[in-house]
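Survey of secondary and tertiary structure
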Amino acid sequence: MANNHSYKNGGLKTKSISSSSSSSSYSGYKSKQSVTSGVRRNSTGSSGNSAGGHQKDTPGVSGRVRVAVRLRPRNSEEQSTDADFADCVELQPELKRLKLRRNNWDSDTFEFDEVLTEFASQKRVYEVVAKPVVESVLDGYNGTVMAYGQTGTGKTYTLGRLGDEDTSARGIMVRAMEDIFAEISPETDLISVSYLQLYMETIQDLLDPTNDNLSITEDPKSGDISLPGASLIEVRDQPSFVELLRLGEAHRFAANTKLNTESSRSHAILMVHVKKSVKERDVGASSGEHGSKSHMSRTMKPPVVRKGKLIVVDLAGSERIDKSGSEGHTLEEAKSINLSLSALGKCINALAENSSHVPVRDSKLTRLLRDSFGGTARTSLVITIGPSPRHRGETSSTIMFGQRAMKVENMLKIKEEFDYKSLARKLDVQVESLIAEHERQQKAYQDEVEKIGLEAKKQISEAEKLYADTLEKERLKYQRDCTESIKKLEAQLAVNQEKQGDGRVKVGFKDESFHKKSNGEAQGASASAELIEVKKLLQNEILLRKAADEEIGNLRNQVMQWKRSEAAGSAENLKLRKMLEDEIHQREKLEEEISMLQNQLLQISFDADETRKQLESGHSIDMTGEMGSLISPVRQQQMKYSGEQEKGSVAKLFEQVGLQKILSLLEAEDPDVRIHAVKVIANLAAEATNQEKIVEAGGLTSLLALLTSSEDENIHRVAAGAIANLAMNETNQELIMAQGGISLLAMTAENADDPQTLRMVAGAVANLCGNDKLQVMLRAEGGIRALLGMVRCRHPDVLAQVARGIANFAKCESRASTQGIKSGKSHLIEDGALPWIVKNANNEASPIRRHIELALCHMAQHEVNAKEMISGGALWELVRISRDCSRDDIRILARRTLSSSPTFQVELKRLRLN
């Protein structure tokens, strides 16, 4: 036979993949963990070390390989060939049992963890087979999902279907990544993907076909298997991952055989590496040891990272050569496939029988799956079989393979490590910030010193200039005085000479020698007087010089005082710096006290949360979903105490903290403190004994105020939940309406997008709908319109609360009509609720369906609503409820309503349904 190899899904595609900003998210809740899963969450062990950080090793938790069997429906060839023969397989899914017929009168019975019929949806298969494994991977464990079976029984359809044309046909690979992307944070978490195929005992990279002979490496210490050289591509969103799958499938080998037109000729192995950061866990903040930790020690604590690896294995189908018609190269491929599957079967047999030797090294397939069988991974196996009696031997072999695999026990170990690199980067940023702040403060201090120095120099310069000007003025003044004195002396000399001349005229001439002598004496006397005057001037000049020197001394003293003032300013700066350091220390102490109060609030909220679970009745809103993500493993151990101890923890709330103090924290600036305080109030409000105290202390008013004053949707969600719990009391319902609560709740619902917030708001409105006295006011203020507006979310929990509110409103309205208080059509019909009610009357979610069925029965009890209900299609739903409803009381009520309404009876006769 010619070589029939081809590339699946078209030709070769390039490796470049464009990431889309809008990633596909899987909306839904995690399925309940098994007992083993519940145990493993308390394990903090790890199976190895990595370069990223330090790990702790603890003993693992035992977990058996889970096996599900899936039956493929008959194909067109089997329908024509085996038309006269019954299927060789009989399924009993409710008993998780399978019967394989030996002949027409004898059969063998087998039990599995899950039995999936030919009508099981892809979503159902994913939830029972792969979802628990995916959740374990997100928690830090290794996980394996594998499909085994005869060729053509639907292994690739179960695992690798992309769902391009029909989204409901998506396989386990696509759905698993949707759940992973929904649970991780792109900013802190990392997802990497490898896609390989094992073909003819050669490992090839499907994302890079040039890597066509990869080797297997085993860590001698931890035993981990790795493939150096394999492509490891980081993905950020779902479209990028789908493109990688499409690229890998295009490179996978396939061939046409008699059993399958597109038979996989290789084992495909998808490896998804998840690195998920764990939020800081509160490990008993109320204890003395942990409660006294300083802010610096909390900053130095390295973040925790969990590493998990998901392996999805699409095994090539086992086949018999005479049935598949393989020839030539295809025959060699079939031999290689059967050999590797045989080696896998031998390993599982050895593990199931607790043999001392497990032949892991007989095949590369068994080496790659070493961790999946008998290792540390959580493993789920789906075996696929066909119904045709012609292949009963292959079906029996597949079933026995699954039975042996169920006996294999794995030891599950969590991979959790400290991310020292992230801590180092964080501390580097803090150090750089502190250095920059220190430099800014030092620069400000230097600028201040320079400013003071410049001012001092300026003052000194001004003083010197003033002294020079004053000295120059004094010198000029003394010079003028000296000049004036000389002029006076000259004038006096002239006067004296004139007087002497006049004396000579009057007395007469005397002898010449006598005249000369007198003239000389006069000149001597004048010179002596002038000398005395000059001495006086000199003394005055000396005195002025001394005064100038004193002025200079005073100026120098002023300069010294300025310098001392500068030194005093420096001392004042040091004093202010010391005061600033004291303020910082005081702030750190206040932050530590606030942190201790936060931890105390968290602990009390956890205790109140568990107590509310024991005491809740009616339709109180469950806040566990809000607080569950914050509960540490240590706290989960503490939450196993008895109900009496949990009630005691709620009683301690008022004794240790005080309700008024908690209510005052609703106005705190720290959003974390505020939201924890709201959660404590919400959990306390779930108990009827606390509701009156909360309302009397003003808690209801504060909660309603938070809906308008806060922009945080988390606070809106928790506050609405607390209001819903308070709204279970009739007195509180009237207070809520009196304070405009329904308008505030309607506004919150209009602005909210989160399903949990809408669930809380819808629950509060639903509780108000059950009060007969508030019907008119509730409708007038937009309560019914708010309920109908929240159906846009389409989340089942939100729709269940909306349905409950409509049922409560319809019940009260029916009671008012019976008592004669109300007349006319139902307000629900007038507000346009009937189409939605009819559409969801047979909803697959039982809470929604039960409430809608009850609402329809109450609306139908009054003849005035009959015509609109008939035209809106409600009559058909009432007939169905009267026949098929699982609840006896609702079914009997529907029958009585139909029989008592003349309008309904006429229409039933016309339709011949009576």
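Quantities reported herein were computed from a predicted structural model and do not represent experimental measurements.

Across its full length, the protein holds 36 helices and 20 strands. The burial tally for the protein puts 44% of its 914 residues in the buried class. Restricting to contacts in the protein with at least 6 residues of sequence separation, those with at least 24 account for 74%. Total accessible area computed for the protein in this model is approximately 47,300 Å², and 51% of it derives from carbon and sulfur atoms.

Here we come to helix H21 (residues 688-696). Listing the buried residues of H21 in full gives Asn690, Gln691, Ile694 and Val695. One side of H21 holds all its buried residues, which, seen down the axis, span an arc of 135 degrees. The exposed set on the far side of H21, more than 90 degrees from its buried face, consists of Thr689, Glu692 and Glu696. A positive backbone phi angle near 85 degrees is found at Gly698, which sits one or two residues after H21.

Our focus in this paragraph is the sheet that holds strand E4 (residues 89-92). One open sheet holds the three strands; their spatial order is E4-E5-E6, and the pairing between them is antiparallel. Of all strands in the sheet, those with a lone pairing partner are E4 and strand E6 (107-111), marking the two edges. Strand after strand, the sheet turns through a mean of 20 degrees between neighbouring axes, direction not considered. With four bridges joining them, E4 and strand E5 (residues 97-101) adopt antiparallel strand pairing. Across the sheet, the residue bridging to Gln92 is Arg97, located in E5.

Attention shifts here to the environment of Asn142. Of note, Asn142 is situated in the loop between helix H4 (131-138) and strand E8 (143-149). Along the chain, Asn142 and Ile414 lie 272 residues apart, while their C-alpha atoms are 7.7 Å from each other. Not counting residues up to four positions away in its chain, the partners in contact with Asn142 are Val137, Gly308, Lys309, Asp371, Thr376, Ala377, Arg378 and Lys415. For Asn142, the side chain forms a polar contact with the main-chain nitrogen of Lys309, separated by 3.2 Å.

What follows deals with the confidence of the model for the protein. Put simply, the protein has an average pLDDT of 78, and 76% of its residues get 70 or more. Ignoring residues within four places in sequence, the model shows residues 1-58, a span with pLDDT below 50, making 155 contacts including any to other chains. Below a pLDDT of 50 lies the segment residues 616-647, which in the model reaches 69 contacts outside its immediate sequence neighbourhood of four places, other chains included.

What follows concerns the pattern of salt bridges. All told, the structure shown has 30 salt bridges when counted by the stated rule. Among the salt bridges present, the one from Glu730 reaches Lys773, with a minimum N-O distance of 3.5 Å. Here Glu730 is found in helix H24 (residues 730-738), whereas its partner Lys773 is found in the loop between helix H26 (755-768) and helix H27 (775-780), with 43 residues between them in sequence. Using a relative accessible area of 42% as the deciding quantity, one classes Glu730 as partly exposed.

Moving on to the pairing of strand E3 (residues 66-71). A large share of E3 lies buried, amounting to five of its six residues. Sheet topology note: the E3/strand E18 (residues 378-385) ladder contains six bridges and is parallel. Bridge pairing in E18 links Val69 to Ile383. By the bridge criterion, three bridges tie E3 to strand E7 (residues 114-116) in an arrangement that is parallel. Paired with Arg70 across the strands is Leu116, a residue of E7.

What counts and how
- Residue numbers here run from 1 along each chain, matching the order of that chain's written sequence.
- Given that this is a predicted model, residues contribute local features only at a pLDDT of at least 70 and side-chain atom pairs are listed and counted only at 80 or more, while totals for whole chains, interfaces and linings are drawn from all residues.
- Calculated side-chain values reflect all of the structure's heavy atoms, with hydrogen atoms and water omitted.
- Helix numbering and strand numbering both begin at the N terminus, where a helix is a DSSP run of H or I of at least 4 residues and a strand a DSSP run of E of at least 2.
- Summary of the burial criterion: residues with accessible area below 20% of their type's maximum are buried, those above 50% are exposed, and those between are partly exposed, where the area comes from a 1.4 Å probe applied to protein chains only.
- Contact definition: two residues touch when any of their heavy atoms are within 4.5 Å.
- Using a 1.4 Å probe, the Shrake-Rupley method yields the accessible areas, and only the shown protein chains count as cover for residues.
- The directions considered for the arc run from the helix axis to the C-beta atoms.
- DSSP calls a pair of strands paired once it identifies at least 2 bridges connecting them.
- Lines fitted to the C-alpha atoms define the axes, with helices restricted to the stretch that makes contact. Angles between their N-to-C directions range from 0 to 180 degrees.
- By the criterion applied in these results, polar contacts are pairs of N or O atoms within 3.5 Å in which, for protein atoms, one can donate a hydrogen and the other can accept it, and in which residues neighboring in sequence qualify only through two side-chain atoms.
- Predictor confidence is given residue by residue as pLDDT, running from a minimum of 0 to a maximum of 100.
- Whenever a carboxyl oxygen of Asp or Glu lies within 4 Å of a side-chain nitrogen of Lys or Arg, that contact is scored as a salt bridge.

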